[in-house]
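Topology and contacts: notes
In case you want the letters, here they are:
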Amino acid sequence: MKTGLNLRKILHDTVFPENPICPVCKRILFFGQDVVCKNCKKELTTVRFDVCEKCSAPLDELGNCPRCTQHEFSFQAGICLWEYDETSKQIIYDFKYGNNPDAAKACGYLLAEKLCTTTWIGEIDAAVPVPINNETRNTRGYNQTQYIADAIGEICDIIIYNQILVKKEGMKDQTALSSEERFQNTKNAFFINDATPVIGKSILIIDDVITTGATIHSISNVLIDAGANKVYFAAIASAVH
């Protein structure tokens, strides 16, 4: 017996082949709607104004940043589009594991709009998406952050370097690791195969979720060691671990 979800998917593919499905509630998205339906969009938590200007984490009641009080980051500043709540989590899960790279690009367009309002957008010379290793790419079929980056490059007129940053094989999955373990795990996880495009430049790192900041910090160090002048980041969601 077909479940309601399977029947809905069959209806969608048959009657509305060009219309995507909301990754949260699985309703059909008709033309003119965003990456999620109008009802689910109301459930998304936009990053608040009282966030850390450096790492985009929500400040505590005393105005302190829970990330920056624990670590001294090498990047200059960054922004996030949404807080990592149940709704944004489902959207990100869909474009990472649900074979829906178009949703990643749609989110990238939304992030690009916010990025273009920052005071430092004019400093950015080029951007690099956070890479995935070969094993993950072979399993998933694509790197979701490249789709986010392509959207940002298109809207903000920024050069995207998809191939110069490489993630080493054998790195542990970050999901179950503590904050300190994440920093150790990412310490030597990335390298640059061609430093020429970053020398003397301000580089934007593009990711889907920033949690502890370990991945962005590690890549920032690699870029600075390769000769980058300044490093910034932009991510779809912010979660504090």
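Located above this text is the structure these notes cover.
The sections below set out a description of the structure shown in this document. (Residues numbered from 1 in each chain as written. Predicted model: local features only at pLDDT ≥ 70, side-chain atom pairs only at ≥ 80, totals over all residues. Heavy atoms only, no water.)

**Considering helix 7 (residues 179-186)**
- Of the positions making up helix 7, those classed as buried are S179, R182, F183, N185 and T186. Seen from one end, helix 7 has its buried residues packed into an arc of 165°, which puts them on one side.
- In the core, the buried residues of helix 7 are packed alongside strand 5 (190-192) and helix 8 (214-225). (Buried < 20%, exposed > 50% of the residue type's maximum accessible area, 1.4 Å probe, protein only. Helix = DSSP H or I, 4+ residues; strand = E, 2+ residues; numbered from the N terminus. Arc of directions from axis to C-beta. Contact = heavy atoms within 4.5 Å.)

**A short note on the environment of S74**
- Position of S74 relative to the elements: it lies in the loop between helix 2 (38-41) and strand 1 (77-83).
- A distance of 2.9 Å separates the side chain of S74 from the side chain of S220, its partner in a polar contact. (Polar contact = N/O pair within 3.5 Å; in protein donor to acceptor, adjacent residues only side chain to side chain.)

**A closer look at the environment of I159**
- Mapped onto the elements of the fold, I159 is located in strand 3 (residues 159-160).
- Each C-alpha atom, one on I159 and one on I203, is 9.8 Å from the other, the two residues being 44 residues apart in sequence.

**Let's talk about the sheet that holds strand 2 (residues 126-129)**
- Sheet architecture is open: five strands sit in the order 1-7-6-2-3, paired in parallel fashion. Taken across any chain shown, the strands that pair with only one partner, and hence form the sheet edges, are strand 1 and strand 3.
- Bridging between strand 2 and strand 3 involves two bridges; their strand directions are parallel. Bridging from a neighbouring strand, A126 pairs with I159 of strand 3.
- This element, helix 3 (residues 86-97), spans strand 1, strand 6 (202-210) and strand 7 (230-238) of the sheet and lies at about 105° to strand 6.
- Sitting on the sheet, helix 4 (residues 101-115) is in contact with strand 1, strand 6 and strand 7, with an inclination near 130° to strand 1. (Pairing = 2+ DSSP bridges. Axes fitted to C-alpha atoms, helices over the stretch in contact; angles between N-to-C directions.)

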